[in-house]
Amino acid sequence: MKYKRLGEVLLALGLLKEDMLKRALELQKISGERLGTVLVKYGMLTEQQLIEALQEQLNVPFIDLSRERIDPKMVAVLPKNIAIRNEVVPVRIEDDSLYLAMKDPMDFMAVEEVRVASGYEVIPMIANPNGVNRAIEELYGREGVAKAIEGMKKRSSFGEAKGKGNKVLDVKEEQEDSAPTIRLVNSFLNRAVVERASDIHLEPREKELVVRIRIDGVLHQILKVPADLQLSVISRIKVMGGMDTTEHRIPQDGRATVKIQGQTIDLRISALPVIHGEKVVIRLLNQSAALLTSQGIGLFGNDMEKYKKLLNRHSGVILLAGPTGSGKTSTMYTMIQELNREGVNLVTLEDPVEYRIEGVNQVPIYEKVGMTFAEGLRAVLRQDPDIIAVGEIRDGETARIAMQAALTGHLVLSTIHTNDAVTAINRLKNIGVEPYLIAEATEGIISQRLVRKICPSCKEAYVPGQEERRFMKIKPESNVSFYRGRGCPHCFNTGYRGRIGVFEILFMGPEIRQGIMEGKSREELLAAARKPGDTLMWDNCCKLVLEGITTVEEAGILIQ
């Protein structure tokens, strides 16, 4: 049977234009990845659009794994290592055929390996890639966790967790033949990566150790470990992070690098003594993930134009303002990536360095030995920099050095913890920066928040009620639809999956500079900063609601 080329199918379906296909093919040559992977990775197609095109191209059925209840007995049909290696899930058996959910139904080697291992004829079905990963974890993970806990009960686990120094630990390699404690820890690391979690929390309670993962800013419980096995689990994590396993009275920090699902993940580990043992939090930083683009973080229209104008500056300070967890670091890395060119010396000061970027001189901060942001900034200024990114302005000394550096011809990027752009100006004054420095050196302030996106797997439209119309300032007679997620296994039944930034960009024009010098109030500075046609953060959030990207509830949280 002769297949049409995927590009031809996408063009015929109107999902892609010639210029986009040409660009995708160029990127494919560079990365060596499949065309479909490249298209989704760079935001040219959604995963669902790719699936529809592959159905058309290959004439294979689609299976929605979020709605499929797979019999746990299927673990006996196909060994876990084969399922993981080939990224496939056995779904059901009918007559002498095994229905197999696959990320890539054209992987004929995988089909043949499954046929030989299972003894059944294989009928490939195409599935959402995230759905395949999740189904593998759910089908085989529960059995693995149960076996690991049972194994831990039968034997002492101390000494099982073998330290490996700075080596990258391959979780997949260790899974099958490792000690029970290692298998248990690997199981929740795997689950966290599959669910795209940012953090893992291990919380000792009186009778159990509770494991929770943070997804899109919200914690979800995934596992309970008996209290008598808690010490073994915590010790394994400490060994991975190069921490002292005999010390339980003081806080400790550690780090490790692991390979999970083919991705390189940096783990930042923090242990804190609590009344029932030690609470451990693991931050996951995916070094394999592509850094975001300006569109990927949520910049469009007028805000995109302002953003590009700011990045074209050759000197001055650009501040990113927002509370903790508002996405400032992601935006800064996006800016660094776009400013990273052959002809400039770009230096960053970070605590800690979260993502490594080729061509950028990244300097870690070590406050315990006196390497603070202020000291690092002084040293960087002797390194002939063009662009300096300071991870965070925490004190007046760092702020003043950054402002003075901007006045001497450097472009300086930094973040500051404030609720909005104008409040950032008052914050700088409060930590001792002179108004003239703020007024002369600052070029712009980007204020931002994160809102959760509606899960595409369970998204549904509905007609808003009168209260929602009033809240969104929509006329009662307007014919509009809002959207929400019903909740499904893809989104932990929350109705949300992923987050997007909502922005408000303040340009430092003559009026606001004069207002800063004259010590005007926040309200007066706000009035001076806003121009006709400016897009406010609330306007941007309303646009996301009307486009079906987020919900009215998320918009309400934004303005609280």
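These numbers come from a predicted model, not from an experiment. Each chain has its residues counted from 1, following the order in which its sequence is written. It should be noted that, the model being predicted, local features are given only for residues of pLDDT at least 70 and side-chain atom pairs only at 80 or more, the latter also being counted only at that level, while totals for whole chains, interfaces and linings use all residues. By convention in this description, side-chain values take in all heavy atoms of the structure and omit both hydrogens and water.

## Focus: the pattern of salt bridges
By convention in these notes, a salt bridge is any Lys or Arg side-chain nitrogen within 4 Å of a carboxyl oxygen on Asp or Glu. Enumeration according to the criterion identifies 30 salt bridges in this entry. Across the pair D420 and R522 runs a salt bridge whose closest N-O atoms are separated by 2.4 Å. Placement of D420 in the loop between β15 (411-416) and α15 (421-430) and of R522 in helix α19 (residues 522-529) is noted, with a sequence separation of 102 residues between them. Remark: exposure states derive from per-residue accessible area (1.4 Å probe, protein chains only) relative to the maximum for the residue type, with buried under 20%, exposed over 50%, and partly exposed in between. Residue R522 is classed as partly exposed on the basis of its relative accessible area, which comes to 30%. The structure contains a network of salt bridges with shared partners spanning R255, D266, R268 and R356. Helix numbering and strand numbering both begin at the N terminus, where a helix is a DSSP run of H or I of at least 4 residues and a strand a DSSP run of E of at least 2.

## Some remarks on the nonpolar core
We call a set of buried residues a nonpolar core when its members are Ala, Val, Leu, Ile, Met, Phe, Trp, Tyr or Cys and they connect through side-chain atoms within 4.5 Å of each other. By size, the foremost hydrophobic cluster in this structure holds 40 residues, and its most contacted members are L428, V433, I512 and I516. At 6 residues, the largest contribution of residues to this core is made by helix α14 (residues 396-407). Only heavy atoms enter the contact rule, under which two residues are in contact if any of them lie within 4.5 Å. Those residues within four positions of L428 in sequence are excluded, and the remaining contacts are L319, I393, A399, M403, I416, V433 and I438. Among the nonpolar cores identified, the runner-up in size contains 33 residues, and A192, V233, I265 and V280 belong to it.

## What about unusual backbone geometry?
P352 follows D351 through a cis peptide bond whose omega is -5 degrees. Among the structural elements, P352 can be located in the loop between β12 (346-350) and β13 (361-364). Not every positive phi belongs to a glycine, and E87 is a case in point at roughly 55 degrees. Within the fold, E87 resides in the loop between α5 (80-86) and β1 (88-94). Of note, the phi angle at R196 is positive, near 60 degrees, even though the residue is not glycine. Since its relative accessible area comes to 48%, R196 is described here as partly exposed.

## Considerations on the sheet that holds strand β3 (residues 121-126)
Any two strands between which DSSP finds at least two bridges are classified as paired. Spatially, 3 strands are ordered β1-β2-β3 in an open sheet, and the strand pairing comes out mixed. Since the sheet does not close on itself, it has two edges, and those belong to β1 and β3, each with one partner. Adjacent strand axes in the sheet meet at a mean angle of 30 degrees, parallel and antiparallel pairs treated alike. Here β1 pairs with strand β2 (residues 97-102) via 6 bridges, running antiparallel. Note that in β2 the partner of V89 across the bridge is A101. The axes used here are C-alpha line fits, helices contributing only the stretch in contact, and every angle between their N-to-C directions lies in the interval 0 to 180 degrees.

## Description of the environment of G301
Inspection of the secondary structure puts G301 in helix α11 (residues 301-311). In the structure, G301 is positioned 255 residues away from T46 in sequence and 21 Å away in space, judged by C-alpha atoms.

## Description of the pairing of β15
Burial runs high along β15: 6 of the 6 residues are buried. Of the two faces of β15, the one carrying L411, L413 and T415 and the one carrying V412, S414 and I416 are both buried. In this structure, strand β11 (residues 316-321) lies alongside β15, joined through 6 bridges in parallel fashion. Along β15, the bridge assignment pairs V317 with V412.

## So, helix α2 (residues 18-31)
An α-helix turns once per 3.6 residues; consequently, residues spaced three or four apart project the same way. What a helix should span is 1.5 Å times the count of its residues minus one. For α2, built from 14 residues, the straight-helix expectation of 20 Å at 1.5 Å per residue is met to within 8% by its first-to-last C-alpha distance of 20 Å. For α2, the complete set of buried residues consists of L21, A24 and L27. Across the axial projection of α2, the buried residues extend over an arc of 125 degrees, all falling on one side. In this structure, α2 carries E18, D19, K22, K29 and I30 as exposed residues pointing more than 90 degrees from its buried face. Tucked into the core, α2 has its buried residues touching α1 (6-12) and α3 (35-41). In the stretch just after α2, G32 is the one whose phi turns positive, near 80 degrees. The reported arc concerns the directions from the helix axis to the C-beta atoms and nothing else.

## As for the confidence of the model for the protein
pLDDT is a per-residue confidence score from the predictor, ranging from 0 to 100. Here the protein averages 85 in pLDDT, while 91% of its residues score no lower than 70. Within the model, pLDDT remains below 50 along residues 156-165, and this stretch shows 19 contacts once partners closer than five positions in the same chain are excluded.

## Some points on the packing of aromatic side chains
The pairing test for Phe, Tyr and Trp rings, Trp by its six-membered ring, is centres within 6.5 Å, and the orientation test on the planes gives stacked under 30 degrees, edge-to-face over 60, and tilted for anything in between. As enumerated under the stated definition, the model contains 3 aromatic pairs in all. Centroid distance F471 to W538: 5.5 Å. Interplanar angle 80 degrees. Geometry classified as edge-to-face. One end of the pair, F471, is in helix α17 (residues 466-471); the other, W538, is in helix α20 (residues 537-546), and 67 residues separate them in sequence. In this scheme, the term charge over a ring applies when either NZ of a lysine or CZ of an arginine sits within 6 Å of the ring centre and within 35 degrees of the ring normal. Cation over ring: R92 sits above Y99, and NZ or CZ is 4.5 Å from the ring centre. The ring of Y496 has R452 lying over it, and the distance from NZ or CZ to the ring centre is 4.0 Å.

## Overview of the environment of Q263
Mapped onto the fold, Q263 is located in strand β9 (residues 263-274). In this structure, the C-alpha to C-alpha distance between Q263 and I474, residues 211 residues apart in sequence, is 45 Å. Reaching out from Q263, the side chain makes a polar contact with the side chain of N286 at a distance of 2.4 Å. What qualifies as a polar contact is a pair of N or O atoms within 3.5 Å, subject to a donor-acceptor requirement within protein and to the restriction that residues adjacent in sequence count only when both atoms come from side chains.

## Here we look at the packing of helix α18 (residues 510-517) against α19
Across the interface, α18 lies against α19 with an axial gap of 8 Å and an inter-helix angle of 165 degrees. Put simply, α18 runs roughly antiparallel to α19. The two elements α18 and α19 meet at a crossing, and its hand is right-handed. Contacts from E511, I512, G515 and I516 of α18 reach α19 at L525, A528 and A529. A breakdown of the residues in the contact of α18 with α19 according to their chemical character gives 5 nonpolar, 1 polar and 1 charged. An angle below 35 degrees is read as roughly parallel, one above 145 as roughly antiparallel, one from 65 to 115 as roughly perpendicular, and any other as oblique. By the definition used in this description, the sense in which the near helix is turned from the far one sets the handedness, with an anticlockwise turn below a right angle giving left-handed and a clockwise turn giving right-handed. Lys, Arg, Asp and Glu make up the charged group, whereas Ala, Val, Leu, Ile, Met, Phe, Trp, Tyr, Cys and Pro make up the nonpolar group; the residues left over, Gly among them, are polar.

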